[in-house]
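Reading the structure
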Amino acid sequence: MVDTTQETPKRYPVTPFVSERIRKITDIFLEKDRTFSFEFFPPKSKKGLRNLYRAAEELRKLGPDFFSVTYGAGGSSSKATMEIILELQKRFDIPCMHHLTLVGQTRDDLTGVMRHIIKSNVKNVLALRGDPPPDMGREFRKVEGGLGYCYELIDLIREVAGDKLAIGVAGFPEGHVDCPSKELDTKYLKIKLDHGGDFVITQLFFESATYAEFLERTSRAGVTARIMPGVLPITDYRKLLRFCDTCGAYICQRIHDVFAPIQETPEATRKEGINYVVDLCKELLNLGAPGLHFYCLNSVEPVRTIWKRLGL
Ligand SMILES: Cc1cc2nc3c(=O)[nH]c(=O)nc-3n(C[C@H](O)[C@H](O)[C@H](O)COP(=O)(O)OP(=O)(O)OC[C@H]3O[C@@H](n4cnc5c(N)ncnc54)[C@H](O)[C@@H]3O)c2cc1C
């Protein structure tokens, strides 16, 4: 175990909010077969931040199990992620999951962030390799004194935090873009779980058959952890193409067929987007999905409408 009593780096203010509701997601699993959650990203402006807290306030009213906050490329939003999480936990008394990527950071940097996470009474981390920041090109490169794969980050988290943190990992139903095959990628997912990952949240996808096939493949590989589908609301066809290109998500033909013809009509896209995602979510839950993780993009709508239509 690494000594966690050392001082955390000065750049982080520590104001932990303690409440019995702020707990590990794995403890929630003991009571619930399904969990529902919303993901936010750290905005660049103060206005964006106010908007995030307003959205969180509305979405909190729906009774989600947890919120999560992403980590900028190359660790660029490390401080912002933590500040938002502290504020969300304090304002809304809800457990938050801190995304943590290893890219561009040394073991010491990551250990510092983890110590701060523990001291701040954050109980959940989504462990990720991360993608390089745009100025570094697309290819991932390990920094000196840093780590190469997510499973190494999981080892470090367990070394620093023991079982104080629940650890989620990313899963890729279509296989990760840099991996030559889905089977191999599934093998790597199993390694992440064997190294101490507790549950999986998936990359976004658009057909329930993709999830069903992923469940089958992961089950064959011996994965028993919960695999929560990540769901992206559809509001704008062109934005969707750009978003999927950035995060390496595959877009099925059906999405083009449904949304390309109505791309110039925002109202029709919005309506069809809600119908499409509601159907997808219903199919996923019927397949036995242990809940849904919504990429809400810091907006209340259309997630709230989707949530209500699902009767959650
Ligand atoms: C739910 C979710 C949330 C995300 N949140 C963020 C975020 O907040 N910030 C951010 O920057 N990015 C985020 N990402 C993106 C993620 O960081 C990237 O997709 C990244 O490229 C892969 O991360 P990973 O943790 O899956 O990496 P890894 O599991 O390390 O995999 C990276 C690559 O290496 C391969 N690989 C894995 N293990 C091995 C091994 N043992 N030997 C050889 N090859 C191996 C994999 O097949 C893959 O191609 C998120 C993704 C998801 C699905």
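Remember, it's a predicted structure, so these values are computed and weren't measured experimentally. Sequence order sets the numbering: in each chain, residues are counted from 1 along the sequence as written. For a predicted model such as this one, the threshold for reporting local features is a pLDDT of at least 70, and the threshold for listing and counting side-chain atom pairs is 80 or more; totals across whole chains, interfaces and linings nevertheless cover every residue. To obtain the side-chain values, all non-hydrogen atoms of the structure were included, while hydrogens and water were left out.

Considerations on a nonpolar patch on the surface
By definition, no residue in a patch forms a salt bridge, and every one has over 30% relative accessible area; like charges are joined within 9 Å, nonpolar side chains (Val, Leu, Ile, Met, Phe, Trp, Tyr) within 5 Å. Computed with a 1.4 Å probe, the accessible areas rest on the Shrake-Rupley method; for each residue, only the protein chains presented here act as cover. A pairing counts as a salt bridge when a side-chain nitrogen of Lys or Arg comes within 4 Å of a carboxyl oxygen of Asp or Glu. Where nonpolar side chains cluster on the molecular surface, the patch consists of F41, F243 and L297 and spans about 230 Å² of accessible area. Within the secondary structure, F41 is located in the loop between β1 (35-40) and α2 (46-60). Burial here depends on accessible area, computed with a 1.4 Å probe over protein chains only, as a share of the maximum for the residue type. Under 20% is buried, over 50% is exposed, and the range in between is partly exposed. The class for F41 is partly exposed, based on a relative accessible area of 35%. Elements are defined by DSSP. Helices are runs of H or I of four residues or more, strands are runs of E of two residues or more, and each kind is numbered from the N terminus.

Observations regarding the nonpolar core
Ranked by size, the top nonpolar core spans 94 residues in total, and within it F38, F40, L88, F206 and F294 carry the most contacts. When residues of this core are assigned to their parent elements, the largest contribution, eight residues, is made by helix α10 (residues 266-286). For the purposes of this section, nonpolar cores are sets of buried Ala, Val, Leu, Ile, Met, Phe, Trp, Tyr and Cys residues that join through side-chain atoms within 4.5 Å.

So, the side chain of N121
Within the fold, N121 resides in the loop between α4 (107-119) and β4 (124-128). Take N121: its relative accessible area is 12%, and that puts it in the buried class.

A short note on the site of the ligand
Of all residues adjacent to the ligand, which total 24 residues, the nearest are Y71, D131, C150, H176 and D185. We call two N or O atoms a polar contact when they sit within 3.5 Å, provided that within protein one can donate a hydrogen and the other can accept it, with sequence-adjacent residues counted only if both atoms are side-chain atoms. At a separation of 2.8 Å, an oxygen atom of the ligand approaches a polar side-chain atom of H176. In the model, an oxygen atom of the ligand is placed 2.9 Å from a nitrogen or oxygen of the K192 side chain. Bound to the protein, the ligand loses 89% of the 980 Å² it would expose on its own. The set of elements that each furnish at least two residues to the shell around the ligand consists of β3 (96-101), β4, α5 (150-161), α6 (182-194) and β6 (199-202). Counting residues per element, the shell around the ligand draws most heavily on α6, which supplies three residues. Classes in brief: Ala, Val, Leu, Ile, Met, Phe, Trp, Tyr, Cys and Pro nonpolar; Asp, Glu, Lys and Arg charged; the others, Gly included, polar. In terms of residue class, the shell around the ligand is made up of twelve nonpolar, seven polar and five charged. In this text, near means that some heavy atom of the residue lies within 4 Å of the molecule or strand in question.

Brief notes about the packing of α4 against α5
It is the contact of α4 with α5, at a shortest axis distance of 10 Å, that shows an interaxial angle of 50°. The angle between the axes of α4 and α5 places the two elements in the oblique class. Handedness of the α4/α5 crossing: right-handed. The segment α4 lies against α5, with R107, L110, T111, M114, R115 and I118 engaging L153, L156, I157, E159, V160 and A161. Tallied by class, the residues present in the contact of α4 with α5 amount to eight nonpolar, one polar and three charged. Fitted lines through C-alpha atoms serve as axes, helices being fitted only where they are in contact, and the angles separating the N-to-C directions of these axes extend from 0 to 180 degrees. Convention used here: angles under 35 degrees read as roughly parallel, angles over 145 as roughly antiparallel, angles from 65 to 115 as roughly perpendicular, and any remaining angle as oblique. With the far helix as reference, a near helix turned anticlockwise by less than a right angle produces a left-handed crossing, and one turned clockwise produces a right-handed crossing. Working rule for contacts: check all heavy atoms of both residues, and any pair within 4.5 Å makes them a contact.

Structural notes on the packing of α6 against helix α7 (residues 208-220)
Contact geometry of α6 with α7 gives a least axis separation of 9 Å together with a crossing angle of 60°. Here α7 runs oblique to α6, going by the angle between their axes. As for the relative orientation of α6 and α7, their crossing is right-handed in sense. Residues K182, E183, T186 and L189 of α6 form the contact with α7, whose own contacting residues are E213, F214, R217, T218 and R220. A breakdown of the residues in the contact of α6 with α7 according to their chemical character gives two nonpolar, two polar and five charged.

Topic: α7
Here the expected span of a helix is defined as 1.5 Å times the quantity of residues minus one. Taking 1.5 Å of rise per residue, 13 residues should cover 18 Å, and α7 covers 19 Å from first to last C-alpha, within 8% of that figure. Its buried side turned inward, α7 meets β5 (166-171), α6, β6, β7 (226-228) and α10. One or two steps after α7, the chain reaches G222, where phi turns positive at roughly 90°.

Details of the sheet that holds β5
Two strands make a pair as long as DSSP finds a minimum of two bridges between them. Strand order in the open sheet formed by nine strands is β7-β6-β5-β4-β3-β2-β1-β9-β8, and the pairing between neighbours is parallel. The strands lining the two open edges of the sheet, one partner per strand, are β7 and β8 (230-231). Note: β1 against strand β9 (residues 291-295), five bridges, orientation parallel. Paired with E39 across the strands is Y295, a residue of β9. Strand contacts of α5: β3, β4 and β5, with the helix running at about 150° to β4, the strand carrying the most contacts.

Regarding unusual backbone geometry
For the bond running from E301 to P302, omega is 5°, close enough to zero to count as cis. In this fold, P302 is placed in the loop between β9 and α11 (303-310). Residue D93 is not a glycine yet carries a positive backbone phi of 50°. Overall, D93 belongs to the partly exposed group, its relative accessible area being 22%. Even without glycine at this site, L297 takes up a positive phi of about 55°.

Some points on the pattern of salt bridges
Within this structure, the stated rule accounts for 18 salt bridges. The residue E58 makes a salt bridge to K61 at a minimum N-O spacing of 2.9 Å. Residue E58 is classed as partly exposed on the basis of its relative accessible area of 25%. On the accessibility criterion, K61 (59% relative accessible area) is exposed. A salt bridge links E87 to R91; its shortest N-O distance comes to 2.8 Å. In this pair, E87 and R91 both sit in helix α3 (residues 78-92), four residues apart, roughly one turn of the helix. The class of R91 is partly exposed, set by a relative accessible area of 47%. Connected via shared salt-bridge partners are E58, K61, E301 and R304.

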